[in-house]
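Observations on chain architecture
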Amino acid sequence: MKKLWLPVLLLACFTHLFAQSKKDTTLNTFNKDFVLNIKKAQSAINIDGVIDEPAWLTAEKANDFHAVLPIDTGLAIQPSEVIMTYDDKAFYLAFTFYDTIPGKRIMESFRRDFTFYNNDNFLGFFDTFLDQTTGFTFGLSASGAKWDGVMHGGAGSNLNWDCKWESKVKHYENKWIGEMRIPFKSIRYPSGTKVWNANFSRLDLKTNEKSAWAPVPRQFPTSSLAYAGVLKFADPLPKSKIMFSLIPYLFGSFSNDYEAGTGNVWKKDFGFDAKVGLSTSMNLDLTYNPDFAQVEVDEQVTNIDRFELYFPEKRQFFLENSDLFADFGSKTATPFFSRRIGLDAPVLAGARLSGKIGNDWRIGFMNMTTQKTSNFLARNFTVASIQKKVFARSNIGVIFVNKEYIDQPVDTSMFNRVVGVDYNLASANNIWSGKFYYHRSLQPDNPGDQYSQGALLSYSTKNIQAIIGQRSVGENFNAETGYITRTGYHHISPEITYLFVPNKRIVSHGLTLETNFYFDQDFNRIDQENAATYQFEFQDRSNIKIGYNSVFIKLQRDFDPTHISADYLPAGTEYNFGHAKVSYTSTRKTMFNWAAEAAKGTFYNGDIQYISGRFGYRYQPYINLSLNFNYTDINLPQPFEHAKLWLVGPKIDVTFTEKLYWSTFVQYNEQIDNMNINSRLQWRYQPVSDIYIVYTDNYIPGSWNSRNRALVLKITYWLN
């Protein structure tokens, strides 16, 4: 009986998921009465922030925005209006945000894809296929900075996606106005459509209020497509034409790896990206000899965990429809992680096909080849997925991942493959969500226990958020192109939060209880973490959290908790420890803002205390200064070294204009004994066409000798 509880739990969860999703057989009905009728423009519209053209003067208004945060009852304090029109080439949107409360409008910078909570802003969310799952988002901050991204999972947005569009923001004493022109060829939608789902959101930091045209419950983001309103165009939208964009680039670099003794290395090369719209909903991306030097560096962290750290993908080639590849499995057991491609060896070429077939099917196919280096054979990566919408907003998907070594010895077979199926639940009202998946790896010697399986069920209302997750990964499950933190375990993780929402100076407060159990394959307990946290959110959106974590660990491998010692705690030893912690995040509307977390307690067979945080100051909208820091003090018994680890990361971000940016990020990390400098100048001389100058250097703290340095010049041009 002991070994039956996990399969029984899994079956119960999946049965509930299936039954719940089966009830949700209709499209969006929550905000069907929020309809914006859009007339076609009969004359040209000038994007200048002045809405005086005839089409604007006769356009129907989306107004009476509903409050979402801090409380989701009633109308927003300050009025907002949105109007739309269209012609044969583009759709147009203009908004007027009335501003009758004295004080500065909050604007972080001119940088594209701004940080949401650091700006007064407008966002629009467009579900062009009426599937309540995918879509596009466009927005403007008070400084005029653009926001654009592709949507996935019913609410998530990937902002690393860019397209060509025009906008202008104009300020007045009692209001600010934004005007946008978005070409139809920049997005995807069914030919001949007359109806989209959409919602419009305003963040007003002076009133500490987030509002939306179509009302959204406070526990969900305003991007939740389940609660979108309806756009009705007067005539069918123009048929999408085949879109072809070529983005050639030239790059040159100087580098010197002093530790490897390479000497000065000069390099010049070229490459290109191409985008081909095969249909209104299918896109082909091509790349040859890509260079990703302009991608922002990862923010380092002090690692006191036993497992590999996760860093998100930022390279644009991998981003459109990325959920078709990256959202299989769970956060710690996914069969495909695109950062496995091209970070240890240059990419030679690649192709990626993704999009929709009809209203219910989506497909994704990717093939990439990396070059042979002194450390790695050439490799080919293939990923294929197909997804079918079921019921209201749920879907079922299948994935295949293949990693093949090229030019391998004749008498060997070197490959790694994974196949899997995922069922994703999303109820019509968004209250229930979850997933069930089963994956299996395939290796040359075909050992047993090559499975990864999991289930998740989430329930979310204004007062209660409850989650129960279950995961099992076999000892020999091997997804070389995935992100798998550990193997050979069973895991279960219940979590519940209850919030009181008094809507006073304290907007909400409540308790979260969470437990993580890990068992080995014979169901012996190997890890357990219990956490209790009480949180308070205030009217100015600041918050404080107080909690305690208790941990039990039976080490499965030798482990050095400091990551700097030659000694280790031996496998098989057991430890009970815990720590208290407190964190605070200030309001974002002031020029100076900060967040910090401090903890103190026991750690394995010793003690730990740490403090981490971020300080920020802005001279809006031109200069943003920030400082990330972490000080970790780990004191374990002899023979371990007393570890006092600093990580300090000052950053300056200057946006001279809407087209010229400069940022420098310095990261001093004692744990890895390194200081990194990354400085990047970007000039957007044409829409989505850039010149980058990137300088990076790594130093050895103490002697301050350079480990390696590089200077890169890259020029891109977007040809439509």
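Only a predicted model underlies this, so the values are computations on that prediction, with no experimental measurement involved.

Conventions used here
Residues numbered from 1 in each chain as written. Predicted model: local features only at pLDDT ≥ 70, side-chain atom pairs only at ≥ 80, totals over all residues. Heavy atoms only, no water. Helix = DSSP H or I, 4+ residues; strand = E, 2+ residues; numbered from the N terminus. Lys, Arg positive; Asp, Glu negative; His and termini not counted. Charge placed at Lys NZ, Arg CZ, Asp CG, Glu CD. Pairing = 2+ DSSP bridges. 1 Å grid on protein atoms, 1.4 Å probe; cavity = no way out; pocket = protein on both sides within 12 Å on 5 of 7 lines; lining within 4 Å. Points joined across faces, edges and corners; volume = space filled by probe spheres on them. Nonpolar A, V, L, I, M, F, W, Y, C, P; charged D, E, K, R; others polar. Phe/Tyr/Trp six-rings, centres within 6.5 Å; stacked < 30°, edge-to-face > 60°. Buried < 20%, exposed > 50% of the residue type's maximum accessible area, 1.4 Å probe, protein only. Lys NZ or Arg CZ within 6 Å of the ring centre and 35° of its normal. Core = buried A, V, L, I, M, F, W, Y, C linked by side-chain atoms within 4.5 Å. Contact = heavy atoms within 4.5 Å. Salt bridge = Lys/Arg side-chain N within 4 Å of Asp/Glu carboxyl O. Axes fitted to C-alpha atoms, helices over the stretch in contact; angles between N-to-C directions. pLDDT = per-residue confidence, 0-100. Patch = residues over 30% accessible without salt bridge, like charges linked within 9 Å, V, L, I, M, F, W, Y side chains within 5 Å. Areas by Shrake-Rupley, 256 points an atom, 1.4 Å probe, with all protein chains shown as cover.

**Some remarks on the overall build of the protein**
What the protein contains, in helices and strands, is three helices and 39 strands. For the protein, the centre of its 74 positive side-chain charges and the centre of its 72 negative side-chain charges are spaced 5 Å apart.

**A look at the pairing of strand β27 (residues 489–500)**
Consecutive side chains of a regular strand alternate in pointing toward one face of the sheet and then the other. Two elements, strand β25 (residues 464–473) and β27, share 10 bridges in a ladder whose sense is antiparallel. Within β27, the residue paired with I468 across the bridge is P494. Alignment of β27 against strand β28 (residues 506–519), held across nine bridges, turns out to be antiparallel. Residue pairing in the sheet places T497 in a bridge with T512 of β28. Remark: five residues form the turn of the hairpin made by β27 and β28, two consecutive strands paired antiparallel; N503 in that turn has positive phi of roughly 60°.

**A word on the layout of surface pockets**
Here the largest pocket is characterised by a volume of approximately 1,500 Å³. If you trace the largest pocket, you find 39 residues lining it, with D291, F292, A293, G342 and L343 closest to the centre. Of all elements in the fold, only β14 (243–257), β15 (264–277), β37 (674–686), β38 (689–699) and β39 (706–716) reach the threshold of two or more residues within the lining of the largest pocket. It is β14 that contributes the most residues to the lining of the largest pocket, six residues altogether. Residues belonging to the lining of the largest pocket are distributed by class as follows: 16 nonpolar, 12 polar and 11 charged.

**Quick notes on the packing of aromatic side chains**
The final tally for this structure, using the stated rule, is 51 aromatic pairs. Here Y86 and F233 contribute two aromatic rings whose centre-to-centre distance is 5.2 Å and whose plane-to-plane angle is 90°, an arrangement assigned as edge-to-face. Of this pair, Y86 sits in strand β3 (residues 80–86) while F233 sits in strand β13 (residues 229–233), and the two are 147 residues apart along the sequence. Each member of the pair, Y86 as well as F233, is classed as buried. Positioned above the aromatic ring of Y172, the side-chain terminus of K175 is 5.4 Å from the ring centre. If you follow R315 out to its NZ or CZ, it ends over the ring of F292, 5.0 Å from the centre.

**Focus: the nonpolar core**
In terms of nonpolar packing, the biggest core is built from 38 residues, with F126, F138, W196, F200 and L231 touching the most fellow members. Elements with a contribution of two residues or more to this core: β1 (35–38), β3, β4 (90–98), β5 (121–127), β6 (135–141), β10 (175–183), β11 (195–204) and β13. Here the element with the most residues in this core is β4; it accounts for four residues. Setting aside its immediate chain neighbours within four residues, L231 contacts L36, I38, M84, F126, K194, V195, W196, A198 and F200. Counting residues in hydrophobic clusters, the runner-up holds 24 residues, among them I341, F381, V418 and Y489.

**So, unusual backbone geometry**
Cis geometry marks the peptide bond from Q620 to P621, where omega comes out at -5°. Along the chain, the position of P621 falls in the loop between β33 (606–619) and β34 (623–635). Omega for the bond connecting Q638 with P639 falls within 30 degrees of zero, at 15°, which places this linkage in the cis form. With a phi angle near 65°, F523 is a residue other than glycine that sits in the positive phi range. By secondary structure assignment, the location of F523 is in the loop between β28 and β29 (525–538). Phi is positive for R541, which is not a glycine, with a value near 75°.

**Let's talk about the pattern of salt bridges**
Any two side chains of opposite charge can pair, so long as their charged atoms come close to each other. Inspection of every chain in the model, using the stated rule, returns 30 salt bridges. A salt bridge links D653 to R111; its shortest N-O distance comes to 2.6 Å. Remark: R111 occurs in the loop between β4 and β5 and D653 occurs in strand β35 (residues 643–655); sequence separation between them is 542 residues. Accessibility classification places D653 together with R111 in one group, the buried group. We note a salt bridge from E166 to R181, for which the minimum N-O separation is 3.6 Å. Here E166, found in strand β9 (residues 166–171), pairs with R181, found in strand β10; they are 15 residues apart in sequence, far enough to count as distant. Taken together, the salt bridges that share partners define one network made up of E296, D298, K314, R339 and K651.

**A short note on the sheet that holds β3**
The strand order across the open sheet built from four strands is β3-β4-β10-β9, with neighbouring strands paired in antiparallel fashion. Each edge of the open sheet is held by one strand with a lone partner, namely β3 and β9. On average, each strand axis in the sheet is tilted by 10° relative to the strand beside it, whichever way the strands run. Taken together, the nine bridges between β4 and β10 define a ladder with antiparallel strand orientation. Residue pairing across strands places F95 opposite G178, the latter belonging to β10.

**Here we look at the pairing of strand β12 (residues 209–212)**
Where burial is concerned, the two faces of β12 agree: the one with E209 and S211 and the one with K210 and A212 are both buried. One ladder, built from three bridges, connects strand β2 (residues 66–69) with β12; its direction is antiparallel. Bridge pairing links A67 to S211 in β12. Strand direction decides the pairing type here: β11 and β12, joined by four bridges, are antiparallel. By the bridge assignment for β12, R202 is matched with S211. What sits between the antiparallel neighbours β11 and β12 is a turn of four residues, in which N208 has the positive phi angle 55°.

**Some details on the side chain of T207**
Relative to the helices and strands, T207 is located in the loop between β11 and β12. Owing to a relative accessible area of 14%, T207 belongs among the buried residues under this scheme. Discounting residues that sit within four places of it in the chain, T207 has contacts with I77, Q78 and I101.

**A few points about the confidence of the model for the protein**
Mean pLDDT over the protein works out to 90, with 95% of the residues at or above the 70 mark. Here residues 1–5 is a poorly scored stretch, pLDDT under 50, and it has seven contacts once near neighbours within four places are set aside; other chains count. Taken together, the stretch residues 17–27 has pLDDT below 50 and engages in 24 contacts with residues farther than four places along the chain or on a different chain.

**Regarding empty space enclosed by the protein**
The tally for this structure, following the rule as stated, stands at six cavities of 30 Å³ or more. Taken as a whole, the second largest cavity holds about 170 Å³ of empty space. What lines the second largest cavity is a set of 17 residues, among which F129, T134, F136, R188 and N321 lie closest to the centre. Going through the elements one at a time, β6, β7 (146–152), β16 (282–288) and β18 (347–357) are the ones with two or more residues in the lining of the second largest cavity. Across the lining of the second largest cavity, the residue classes break down as five nonpolar, eight polar and four charged.

**Considering a nonpolar patch on the surface**
A surface patch of nonpolar side chains, about 850 Å² in accessible area, is lined by L250, F270, Y288, L348, F656, L681, I693, L711, L713 and I715. Of the residues forming the nonpolar patch, the biggest block, three residues, is contributed by β39. Counting through the fold element by element, L711 comes out in strand β39.

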